[in-house]
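Spelled out, the chains give:
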Amino acid sequence: MPEPYATGPKSTAIETMSRRAWLVGGASVAVLAGLWWSNDDGVSAGDFEVVKSDDEWRRILKPAAFKVLREHGTERPYSSSLNHEKRKGTFACAGCALPLFSSETKFESGTGWPSFCQPLPDAIGTSQDRLLLIARTEVHCRRCGGHLGHVFDDGPPPTGLRYCINGVALTFAPAAGESA
């Protein structure tokens, strides 16, 4: 009587490779691809006019602002009073006071963060952010490198862009004649 589980001679390397070896090899390739994908073209502190140590930043920033600006955090949606700011004026970086956005470009996006369709000239820089395994464009202050938020291509005319900015990364200065 023949053996019921005999499969016959194995003649090639592929046939002799076990399913486990294929799974381990495939998983290794997937992990390496993920590491490559998550490697962003982020900015380094030496690229900016205003450079401070983490201890110096901690002394001048509130804890929530430090977490966003220096550690690339995100504030809770709908938690910033600047989300409801309607006065004319300028929104500046909370880290170095560089003017970033005019109130004329602010709009209600419904996302829970202050949103703008255009920054002021020479105010921001961008880099690729793949932290969530989705390529996004990170927005940072051109002068100090502080993380502000992200820009998306679902905004209103004329630019079609939505700069979704953390309120704790900004300060607001009302225009002359606007109540403080």
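A. Summary view of the overall build of the protein chain. Scanning the protein chain from terminus to terminus reveals 4 helices and 9 strands. Taking all 180 residues of the protein chain together, 33% fall into the buried category. Restricting to contacts in the protein chain with at least 6 residues of sequence separation, those with at least 24 account for 55%. As presented, the protein chain carries roughly 11300 Å² of accessible surface, and 58% of it is formed by carbon and sulfur atoms.

B. Looking closely at the nonpolar core. Among the nonpolar cores identified, the biggest contains 26 residues, and L100, F101, I124, L148, Y163 and I165 are the most heavily contacted of them. Looking at this core, the elements with two or more residues in it are α4 (63–71), β1 (89–93), β2 (99–102), β6 (136–141), β7 (147–152), β8 (162–165) and β9 (170–174). The element best represented in this core is α4, accounting for 4 residues. Look past the residues within four positions of L148 in its chain and what remains in contact with it is L69, L100, I124, V139, H140, C141, C164, I165, N166 and A169.

C. Main features of the pattern of salt bridges. Under the defined criterion, the tally for this structure stands at 5 salt bridges. Salt-bridge contacts for R142 lead to D122; the nearest nitrogen and oxygen are separated by 3.6 Å. Of the two residues, R142 sits in the loop between β6 and β7 while D122 sits in the loop between β4 (115–116) and β5 (124–129), which places them 20 residues apart along the sequence. As a salt-bridge pair, R162 and D154 come within 2.8 Å of each other at their nearest N and O atoms. Assessed through its relative accessible area of 48%, D154 is described here as partly exposed. One continuous salt-bridge network, built from bridges that share partners, spans E49, D122 and R142.

D. Region of the structure containing α4. Of the residues making up α4, those classed as buried are A65, F66, V68 and L69. Along its buried surface, α4 packs onto α3 (54–60), β1 and β7. Within two residues after α4, H72 carries a phi angle of roughly 60°, on the positive side.

E. Layout of the sheet that holds β6. Spatially, the 6 strands line up as an open sheet ordered β3-β4-β8-β7-β6-β5, and their pairing is antiparallel. Edge positions in the open sheet fall to β3 (106–107) and β5, since each of these has one partner strand only. Bridge count for β6 against β7 is 4 bridges, and the pairing is antiparallel. Bridge assignment links H140 to a residue of β7, and that residue is H147.

Cut-offs applied
Along each chain, numbering runs from 1 in the same order as the chain's sequence is written. In view of the model being predicted, local features appear only for residues whose pLDDT reaches at least 70, and side-chain atom pairs are presented and counted only at 80 or more, with totals across whole chains, interfaces and linings using the full set of residues. As a convention, hydrogens and water are excluded, and side-chain values are obtained from all of the structure's heavy atoms. The numbering of helices and of strands both runs from the N terminus, where a helix is a DSSP run of H or I of at least 4 residues and a strand a run of E of at least 2. Each residue is placed in one exposure class: buried if its accessible area under a 1.4 Å probe, protein chains only, is under 20% of its type's maximum, exposed if it is over 50%, and partly exposed if it falls in between. Every residue pair with non-hydrogen atoms within 4.5 Å of one another is taken to be in contact. Per-residue accessibility takes into account occlusion by the displayed protein chains alone, with areas from the Shrake-Rupley method and a 1.4 Å probe. Among buried residues, the Ala, Val, Leu, Ile, Met, Phe, Trp, Tyr and Cys ones that are joined through side-chain atoms within 4.5 Å form a nonpolar core. Take a side-chain nitrogen of Lys or Arg and a carboxyl oxygen of Asp or Glu: if they are within 4 Å of each other, that pair is a salt bridge. DSSP bridges decide pairing: two strands pair if at least two such bridges lie between them.

Read these as layout, nothing more, since geometry by itself doesn't imply function.
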